[in-house]
Structures are given as C-alpha cells and as structure tokens.
Amino acid sequence: MRPPYLQNVGIEQHLDGQVPADLAFVDDNGRPVKLGDYFGKKPLVLNLVYYNCSMLCGEALAGLSASMKMIKFDVGKEFDVVTVSFNPKETSEVAAAKKVEYLKRYGRANAAAGWHFLTGPADSINALTKAVGFQYQYDASKNQYAHATAIMVLTPQGRISRYFYGVDFPPKDLRMGLVEASQGKIGNLTDQVLLYCYHYDPAAGKYGAVVSNMLKLGALVTIVFLGGLILILFRLERVAPRSGWDPPKSGQAGLTQTRYVR
C-alpha cells in the first residue's frame, strides 16, 4: 500500500492524446506564450519538472541532456524540447537560470532556440498535467512535490506519441521515438530498419526487439545475398575466356596425329 503522500502520484499514459494548444505559459525570457506556438514544425520532447526540486527533477533533466548528446539529431534543428514547471510559484527568472545550466550540459550550438523552459499559472499547469496523465502531489510538511519522472515525445501537431520513464533515457529509444513521431521525416534508412525490428512497449516505456521481424529481415538479407552471388557467378562464367584442350573435329585426326612404326 502506498504512503498517503504518494496516493495520487504516477503517470497514466494517454497515447495519441492531444496536448491543448491554447494553454498559456511564460517562457524563459518572460514573454507570454501558448503551447501551440511550438507545434506544427518538428517533433517535441515534453518534460514536466519543477526547477527548485532538490532530487528527481535535476536527475531527469541531466538524464535527458545526456541522452540528447548521444544522438545525432540536434535540438532546434530536428526536434524541440519544452520543459514545463508544474509549480505555479516559480518564475521565468528561475526558468532562465535552469536553461543556462542545462544548455551548458548539452553543449551544442544554437540549442537555445529549440529548448524552452516555461512557467505558468495553476490553471494551465493542471490542464497540461491532466492531458498527459502526469499525477503529482504537494507535501506541505516537506514543502516539496511528490511526483514520478518521464519524458513524452509529441508529434509536430502536439499529439502524444511515446512515454519514456525514469531519469535515464536510452539514446536508442529517444532517437526511434523522435523518428516515429516525425512520421519518418527525420532519420535515415537505418532508423526505418530499426523501427521494423523493434516495437514500442507502452507498459515498459521502451522499445524491445521483435524476434519474428528480425528473423524475416535476416531471411530476406540472406536471399538477396545468395541471389546476388549467383548472378555474379553466372556473369563471370559467360565472360571468362575458354581454356584447355579442344578435341579435333571429325576428319582431322590424320592431320593432328603422327604414327610411329618400329
């Protein structure tokens, strides 16, 4: 049985659910924005934290920045990140300080234009957390929030495509999640092959191998290889010069043989 302060804590997946576009927030420059301002162009990573959290939130942000460093996609180019505080008392100045800290960890040029740190009023926060199934609870005795940790990958239109749990996000999962959310508009052929061989498991919040698909792909590669090898050998046989002894034609035996008589 859960302790009382964890009764309403968890994450309920709302896959393919729409994140409301009209929710009002304030960005790290102090400007009013709406979530829909970030929709329509690229897949997004959404994560919910509070900036003065002394435990999980910092670990989750550090894990996200580390995972993003391990993939070739660049924040602000192939995808954007929206980090939202679920503490309505936090300010854009606090958000700006966190942005500087984690952009430094990420360490890639031009990421500032693609990683957004938001704060906002309780109404917007409640609507957003409800839409994505993020459940948390304030513990007044400790002046802290009890919460789970996850990141959500959204399509460019703001629909929830994938959930990844914890504070350590495997780069392979993050990359495949972004490729799927983009509907193949980012990534390459290798990514498409991986998506054929790996399937997202909502319960585990990660990708796992699909053995049957891997066997099918292996069989196809084997057939293509053998077919190519047979074709190459056939062509070599046709173009190779004939060599060796040819038997004499009929009626020419006397011209090509010499009989010795003792």
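Residues numbered from 1 in each chain as written. Predicted model: local features only at pLDDT ≥ 70, side-chain atom pairs only at ≥ 80, totals over all residues. Heavy atoms only, no water.

## Quick notes on the environment of tyrosine 200
Here's step 1: Along the chain, tyrosine 200 turns up in strand β11 (residues 198–201).
Here's step 2: The class of tyrosine 200 is buried, set by a relative accessible area of 4%.
Here's step 3: C-alpha separation for the pair tyrosine 200 and tyrosine 163, spaced 37 residues apart in sequence, amounts to 9.6 Å. (Helix = DSSP H or I, 4+ residues; strand = E, 2+ residues; numbered from the N terminus. Buried < 20%, exposed > 50% of the residue type's maximum accessible area, 1.4 Å probe, protein only.)

## Re the sheet that holds strand β5 (residues 80–85)
Here's step 1: The sheet built from 5 strands is open, its strands ordered β6-β5-β4-β9-β10 with mixed pairing. Looking along the sheet, the strands with just one partner apiece sit at the ends: β6 (115–118) and β10 (160–165). Neighbouring strand axes in the sheet, compared pairwise and without regard to direction, differ in orientation by 20 degrees on average.
Here's step 2: In terms of strand pairing, strand β9 (residues 150–154) meets β10 through 5 bridges, oriented antiparallel. Bridge assignment links methionine 152 to a residue of β10, and that residue is tyrosine 163.
Here's step 3: The sheet strands contacting helix α4 (residues 171–181) are β4 (44–49), β9 and β10, and the helix crosses β10 at an angle near 170 degrees. (Pairing = 2+ DSSP bridges. Axes fitted to C-alpha atoms, helices over the stretch in contact; angles between N-to-C directions. Contact = heavy atoms within 4.5 Å.)

## Quick notes on the pairing of β4
On a regular strand, each side chain points to the face opposite its neighbour's, so the side chains alternate between the two faces of the sheet.
Here's step 1: Most of β4 sits inside the fold, with 6 of its 6 residues counted as buried.
Here's step 2: Side chains Leu44, Leu46 and Leu48 project from β4 onto one buried face, and the interleaved Val45, Asn47 and Val49 project onto a second face that is buried too.
Here's step 3: Two strands pair when backbone bridges link them, and β4 and β5 are joined in this way by 6 bridges, in the parallel orientation. Paired with valine 45 across the two strands is valine 81, which belongs to β5.
Here's step 4: As for the winding sense of the linkage, the β-α-β connection from β4 through helix α1 (residues 56–69) to β5 is right-handed.
Here's step 5: When β4 meets β9, the two strands line up antiparallel, connected through 4 bridges. Residue pairing for β9: leucine 46 is matched across the bridge by methionine 152. (Right-handed = clockwise from strand over helix to strand, strands pointing away.)

## Notes on the sheet that holds strand β8 (residues 144–147)
Here's step 1: Sheet architecture is open: 3 strands sit in the order β1-β7-β8, paired in antiparallel fashion. The sheet terminates laterally at β1 (10–11) and β8, the two strands that pair on one side only.
Here's step 2: Here strand β7 (residues 134–139) pairs with β8 via 4 bridges, running antiparallel. Counted as the bridge partner of aspartate 139 is glutamine 144 from β8.

## So, the pairing of β5
Here's step 1: Of all the 6 residues making up β5, 6 are buried; the element is thus mostly covered by neighbouring parts of the structure.
Here's step 2: Both faces of β5 are covered, namely the face carrying Asp80, Val82 and Val84 and the face carrying Val81, Thr83 and Ser85.
Here's step 3: Considered for its hand, the β-α-β crossover made up of β5, helix α2 (residues 92–106) and β6 is right-handed.

## Considering the nonpolar core
Taken as a class, soluble globular proteins show a tendency for nonpolar side chains to be buried jointly.
Here's step 1: Counting residues in hydrophobic clusters, the biggest one holds 58 residues, and the most contacted among them are Trp115, Leu128 and Val132.
Here's step 2: When sequence neighbours within four positions are dropped, the list of residues in contact with valine 132 reads Glu12, His14, Val19, Leu46, Leu48, Met152, Ile160 and Tyr163. (Core = buried A, V, L, I, M, F, W, Y, C linked by side-chain atoms within 4.5 Å.)

## A few points about unusual backbone geometry
Here's step 1: The phi dihedral of aspartate 16 is positive, around 70 degrees, even though this residue is not glycine.
Here's step 2: Take aspartate 16: it is sitting in the loop between β1 and β2 (24–26).
Here's step 3: Backbone geometry at asparagine 110 places phi at a positive 65 degrees, although glycine is not the residue there.
Here's step 4: By relative accessible area, which is 69% here, asparagine 110 ends up exposed.

## As for the confidence of the model for the protein chain
Here's step 1: Of the residues in the protein chain, 73% have a pLDDT of 70 or more, and the chain-wide mean is 84.
Here's step 2: Considering only residues more than four positions removed or in separate chains, one finds that residues 211–220, a stretch of pLDDT under 50, has 8 contacts.
Here's step 3: Below pLDDT 50 for its whole length, residues 253–258 participates in 1 contact with residues either more than four positions away or in separate chains. (pLDDT = per-residue confidence, 0-100.)

## Section: the packing of aromatic side chains
To describe a pair of aromatic rings, you give the distance between the ring centres and the angle between the ring planes.
Here's step 1: This model, assessed by the stated rule, comprises 11 aromatic pairs.
Here's step 2: Between phenylalanine 86 and tyrosine 145 the ring centres are 5.4 Å apart and the planes differ by 90 degrees, which places this aromatic pair in the edge-to-face class. Residue phenylalanine 86 is found in the loop between β5 and α2, and its partner tyrosine 145 is found in strand β8; the two are separated by 59 residues along the sequence.
Here's step 3: Under the relative-accessibility criterion, phenylalanine 86 is labelled buried at 1%.
Here's step 4: Under the relative-accessibility criterion, tyrosine 145 is labelled buried at 16%.
Here's step 5: Joined through ring pairs, the aromatic side chains of Tyr50, Phe86, Phe134, Tyr136, Tyr138 and Tyr145 make up one cluster. (Phe/Tyr/Trp six-rings, centres within 6.5 Å; stacked < 30°, edge-to-face > 60°.)

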